[in-house]
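Take a look at the letters that make up each chain.
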Amino acid sequence: MIDYKQKVATAISVAVDGSLNEKDIFYKIEVPKALNLGDYAFPAFALAKYLHKAPQIIATELVEKIDKKGFEKVEAVGPYINFFLDKKDYSNNILNEVLNEQDNFGSQDLGKSNNVPIDMSSPNIAKPMSMGHLRSTVIGNAIANLLAKTNYVPVKINHLGDWGTQFGKLMCAYKMWGSEEEVKKDPIATLLKYYVRFHEEDVDKPELDDDAREWFKRLEDGDKEATQLWKWFRSESLKEFIQIYDELGIKFDSYNGEAFYNDKMDEIVELLEQKNLLKESNGAQIVDLSKYDLNPALIKRSDGATLYITRDLAAALYRKRTYNFTQSLYVVGNEQTNHFKQLKAVLKEMGYDWSDDIHHIPFGLITSGGKKLSTRAGRVILLQDVLNDAISLASKQIDEKNPSLANKKQVAHDVGVGAVVFHDLKNERLNNFDFDLEEVVRFEGETGPYVQYAHARAMSILRKAGVSELGTASYELDDNQAWETLRLLGDFPNTIERAVVEYEPSVIAKYAIHLAKAFNKYYAHSKILKADKQKAARIALVASVAVVLKEALRLLGVAAPDEM
Ligand code: ARG
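Now for a quick tour of the structure. Worth saying up front: this structure is predicted, and the values here are computed from it rather than measured.

## Things to note about the packing of aromatic side chains
For step 1, the next point in the chain: Evaluation of the coordinates by the stated rule reveals 21 aromatic pairs.
For step 2, the next point in the chain: Note on Tyr 174 and Tyr 194: the rings are 6.1 Å apart at their centroids and 55 degrees apart in plane angle, and the pair reads as tilted. With Tyr 174 in helix H7 (residues 166-177) and Tyr 194 in helix H9 (residues 187-201), the pair connects residues that are 20 residues apart, well separated along the chain.
For step 3, the next point in the chain: On the basis of relative accessible area, Tyr 174 is assigned to the buried category, the value being 11%.
For step 4, the next point in the chain: Its relative accessible area of 3% is what places Tyr 194 among the buried residues.

## Focus on the nonpolar core
For step 1, the next point in the chain: Of all hydrophobic cores here, the largest spans 159 residues; its most connected members are Phe 42 and Phe 83.
For step 2, the next point in the chain: With 15 residues, helix H21 (residues 535-556) is the largest single contributor of residues to this core.
For step 3, the next point in the chain: Apart from the residues lying within four places of it in its own chain, the contact partners of Phe 83 are Val 8, Ile 12, Gly 38, Asp 39, Tyr 40, Phe 42, Ile 66, Phe 71, Lys 73 and Val 74.
For step 4, the next point in the chain: Formed by 31 residues, the second largest nonpolar core is a distinct cluster that contains Leu 272, Leu 277, Ile 309 and Met 350.

## As for empty space enclosed by the protein
For step 1, the next point in the chain: If you walk through the whole model with that rule in mind, you get 2 cavities of 30 Å³ or more.
For step 2, the next point in the chain: Within this model, the largest cavity holds a volume of roughly 70 Å³.
For step 3, the next point in the chain: Considering the residues around the largest cavity, the lining is formed by Ile 125, Ala 126, Lys 127, Gln 166, Phe 167, Leu 170, Leu 192 and Tyr 195.
For step 4, the next point in the chain: Residue composition of the lining of the largest cavity, grouped by class: 6 nonpolar, 1 polar and 1 charged.
For step 5, the next point in the chain: What the second largest cavity holds in volume is close to 30 Å³.
For step 6, the next point in the chain: Around the second largest cavity sit Ile 157, Ser 254, Asn 256, Tyr 261, Tyr 318, Arg 319 and Tyr 323, which together line it.
For step 7, the next point in the chain: By residue number, the principal contributor to the lining of the second largest cavity is helix H13 (residues 308-323), which donates 3 residues.

## Observations concerning the environment of Asp 562
For step 1, the next point in the chain: Mapping Asp 562 onto the fold places it in the segment after H21.
For step 2, the next point in the chain: Residues Asp 562 and Val 269, spaced 293 residues apart in sequence, show a C-alpha to C-alpha distance of 56 Å.

## As for the pattern of salt bridges
For step 1, the next point in the chain: Scanning the entire structure with this criterion turns up 31 salt bridges.
For step 2, the next point in the chain: Of the charged contacts in the structure, one is a salt bridge between Arg 234 and Asp 162, with a shortest N-O distance of 2.9 Å. Taken together, the residues span a long stretch of sequence, with Arg 234 in helix H11 (residues 224-248) and Asp 162 in the loop between strand E5 (153-157) and H7 at a distance of 72 residues.
For step 3, the next point in the chain: When its relative accessible area of 1% is taken as the criterion, Asp 162 is described as buried.
For step 4, the next point in the chain: A salt bridge links Asp 263 to Lys 264; the nearest nitrogen and oxygen atoms lie 2.8 Å apart.
For step 5, the next point in the chain: On the basis of relative accessibility, which here comes to 61%, the residue Asp 263 falls in the exposed class.
For step 6, the next point in the chain: Overlapping salt bridges bring together Lys 175, Arg 218, Asp 223 and Glu 225 as one network.

## A short note on the sheet that holds strand E7 (residues 284-287)
For step 1, the next point in the chain: Read from one edge to the other, the open sheet built from 3 strands follows the order E6-E7-E8, with strand pairing classed as antiparallel. The sheet is open, and its two borders are formed by strand E6 (278-281) and strand E8 (297-300), each paired with just one other strand. On average, each strand axis in the sheet is inclined to that of its neighbour by 45 degrees, with strand direction left out of account.
For step 2, the next point in the chain: The pairing of E6 with E7 spans 4 bridges and is antiparallel. When the sheet's bridge partners are listed, Ser 281 is paired in E7 with Ala 284.
For step 3, the next point in the chain: On top of the sheet, helix H12 (residues 265-274) reaches E6, E7 and E8; it is set at about 95 degrees to E6, its chief contact.

## What about the site of the ligand?
For step 1, the next point in the chain: By nearness alone, every residue bordering the ligand is listed as Asp 119, Ser 122, Asn 124, His 133, His 159, Tyr 308, Asp 312, Tyr 330, Val 332, Gln 336 and Phe 340.
For step 2, the next point in the chain: With respect to the ligand, the backbone of Ser 122 contributes an N or O atom lying 2.9 Å from a nitrogen atom.
For step 3, the next point in the chain: Here a nitrogen atom of the ligand and a side-chain polar atom of Asp 312 are 2.7 Å apart.
For step 4, the next point in the chain: Relative to its unbound accessible area of 350 Å², the ligand is 89% covered by the protein chains.
For step 5, the next point in the chain: Of the residues contributing to the shell around the ligand, the split by class is 4 nonpolar, 5 polar and 2 charged.

## Remarks on the packing of helix H19 (residues 480-501) against helix H20 (residues 506-525)
For step 1, the next point in the chain: It is at 9 Å that the axes of H19 and H20 come closest, and there the two elements cross at 170 degrees. Taken together, the axes of H19 and H20 lie roughly antiparallel to each other. Mapping the contact onto sequence places Gln 481, Ala 482, Glu 484, Thr 485, Leu 488, Leu 489, Asp 491, Phe 492, Thr 495, Ile 496, Arg 498 and Ala 499 in H19 and Val 507, Ile 508, Tyr 511, His 514, Leu 515, Ala 518, Phe 519, Lys 521, Tyr 522 and His 525 in H20.
For step 2, the next point in the chain: Here the contact of H19 with H20 is composed, by residue class, of 13 nonpolar, 5 polar and 4 charged.

## Let's talk about the side chain of Ser 136
For step 1, the next point in the chain: If you trace the backbone, Ser 136 turns up in helix H6 (residues 131-149).
For step 2, the next point in the chain: With residues near it in sequence (within four places) discarded, Ser 136 still touches Met 120, Ser 121, Val 331 and Phe 363.

## A look at the packing of H7 against H11
For step 1, the next point in the chain: It is the contact of H7 with H11, at a shortest axis distance of 11 Å, that shows an interaxial angle of 100 degrees. The angle between H7 and H11 places the two elements in the roughly perpendicular class. Of the residues in H11, those in contact with Phe 167, Leu 170, Met 171, Tyr 174 and Lys 175 of H7 are Glu 225, Ala 226, Leu 229, Trp 230, Trp 232 and Phe 233.
For step 2, the next point in the chain: Partitioning the contact of H7 with H11 into residue classes produces 9 nonpolar, no polar and 2 charged.

Rules of the game
Within each chain, residues carry numbers counting from 1 in the order of the written sequence. Only residues with pLDDT of at least 70 are given local features in this predicted model, and only at 80 or more are side-chain atom pairs given and counted; all residues enter the totals for whole chains, interfaces and linings. With hydrogens and water set aside, each side-chain value is computed from the structure's full complement of heavy atoms. Two rings from Phe, Tyr or Trp (for Trp, the six-membered ring) form a pair when their centres sit within 6.5 Å of each other. Planes less than 30 degrees apart are called stacked, planes more than 60 degrees apart edge-to-face, and all others tilted. Only DSSP runs of H or I reaching four residues or more are called helices, and only runs of E reaching two or more are called strands; each is numbered from the N terminus. Only protein chains enter the area calculation, which uses a 1.4 Å probe; residues under 20% of their type maximum are buried, those over 50% are exposed, and those in between are partly exposed. Nine residue types can take part in a nonpolar core, namely buried Ala, Val, Leu, Ile, Met, Phe, Trp, Tyr and Cys, and a core is a set of them joined through side-chain atoms within 4.5 Å. Contacts are assigned to residue pairs that have any heavy atoms within 4.5 Å of one another. A pocket here means an open set of points on a 1 Å grid, computed over the protein atoms alone, that has protein on both sides within 12 Å along at least five of seven lines. A cavity is instead a set of points where a 1.4 Å probe fits but cannot get out; residues with an atom within 4 Å of a point line either one. Grid points are joined across faces, edges and corners, and a volume is the space filled by probe spheres set on the points. In the scheme used here, Gly and all other residues not listed as nonpolar or charged are polar, with Ala, Val, Leu, Ile, Met, Phe, Trp, Tyr, Cys and Pro taken as nonpolar and Asp, Glu, Lys and Arg as charged. Any Lys or Arg side-chain nitrogen located within 4 Å of an Asp or Glu carboxyl oxygen qualifies as a salt bridge. Strand pairing is defined by DSSP finding a minimum of two bridges between the two strands. Every axis corresponds to a line fitted to the C-alpha atoms, with the helix fit spanning only the stretch in contact, and the corresponding angles, defined between N-to-C directions, vary from 0 to 180 degrees. Each residue is tested against the molecule or strand, and it is near if at least one of its non-hydrogen atoms lies within 4 Å. Any pair of N or O atoms that falls within 3.5 Å is considered a polar contact. Within protein, one atom must be able to donate a hydrogen and the other to accept it, and sequence-neighbouring residues count only if both atoms are side-chain atoms. In short, Shrake-Rupley with a 1.4 Å probe defines the accessible areas, and a residue's cover is counted only from the protein chains shown. Working definition: roughly parallel below 35 degrees, roughly antiparallel above 145 degrees, roughly perpendicular at 65 to 115 degrees, and oblique for all remaining angles.

As structure tokens, then:
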């Protein structure tokens, strides 16, 4: 991709004859908000202190001196110099580039093949996957796709919540009231039911807690029955989780959950002891973090049991050793911000400089009717239900709009699931947002289906035009109506870079909406298939839009059906 901003910088630098160097000029160049102010603008204020003249005058004088070759026009407006790119030259370059590179367009080498573990999804065994886990899953997946696109090697790790004293309670409950058949029929819901009942009954029968502790102890000691039960709860739960992952088209590289680190925690405790970091507090072992302005990290309880953070310390060290990462990501809700601050602080105290490479990627809550979703208030949204509802809503819309569509079932799936995923990703990840299914699946407005529909429209134009493959050719297009779309195509590589640097998939989702809107406007104002000199260039534009929309959606983990 030709760097047009650089071209502008060079033109100015030659004209100012060294009063400001090219690099400084480059960083001062802006992209005007409105297209009628040109494609790039240079504020002449930047030169006032060298040239001792008013910026307006500098702008007017400089415009005379600038070599305008390759620009449509260069004009002074007040203190600004506005540059208008040569549309034919630009369109020819960008369209050939997109069509040559196809879905590789926008790929770049930021990562130098370095490994990046991404801790994502990480639901808890025997509990339903929440909307928060869904957010972690889709945000993590999109970040992984963006990392791969920029030549990092993402490693998607599902750090399952598969260990802890709650398993003692669950086993105790199962032994009292459980039935194998019932669990098999509906594993997570049934296990949750036992667990809830345990908590109801242990209010009056505190001896249940002793039994639960006993069961957990048996599990920790590797007792055969306890281990078998634990394995069974885990695999039944995982089966349900994997159904949802399959629905979303998301795969993990590792399901090493908390239990995986059981035999790796002694080392952590020893290291902390060696470094004199452990302190006793009411029988428990803690690491004091007051110099970080954080609460102490509780490493070992008075009964000797290790904790969530102990397992995360072991996991962090294991990942460093296994993947030798340059950054290690944790896509987890912002309610765990302090936990990750503590994790990093303890690692730092242990002398690991790479603790700076650990990044918590927090995100906000999904609300319903403006309220937090919670089990107690009855506002639990079950993921599988949400996806099923979205698919049937999509299917209804397709029946109305395109009843003769082939593959209706597949398309309804892609549109329904895609809508839920897109809705999640178009919001900046830290924002809370409200979930309203009807709105999510609408074909108009800033939705996933809207973007998918723009892509399908582009594909349908190409089918009508009867073109299958477009080779390198001269694609000169100076149509004003096409300009916004062309500029957006050229912005795709930078947009990807921004999204990955900020770990912010919403940058891509917003870009996709923007491109879909610009393209729809173009489509409404132009006769694309009219037989004239620029027809081939217009078709190349449509084909390029299809490539880029599809690739943007793919990065988000959303499918782009050819027809809908
Ligand atoms: N299982 C935890 C939860 O549901 C999330 C785990 C996040 N990952 C981690 N390494 N701590 O809250």
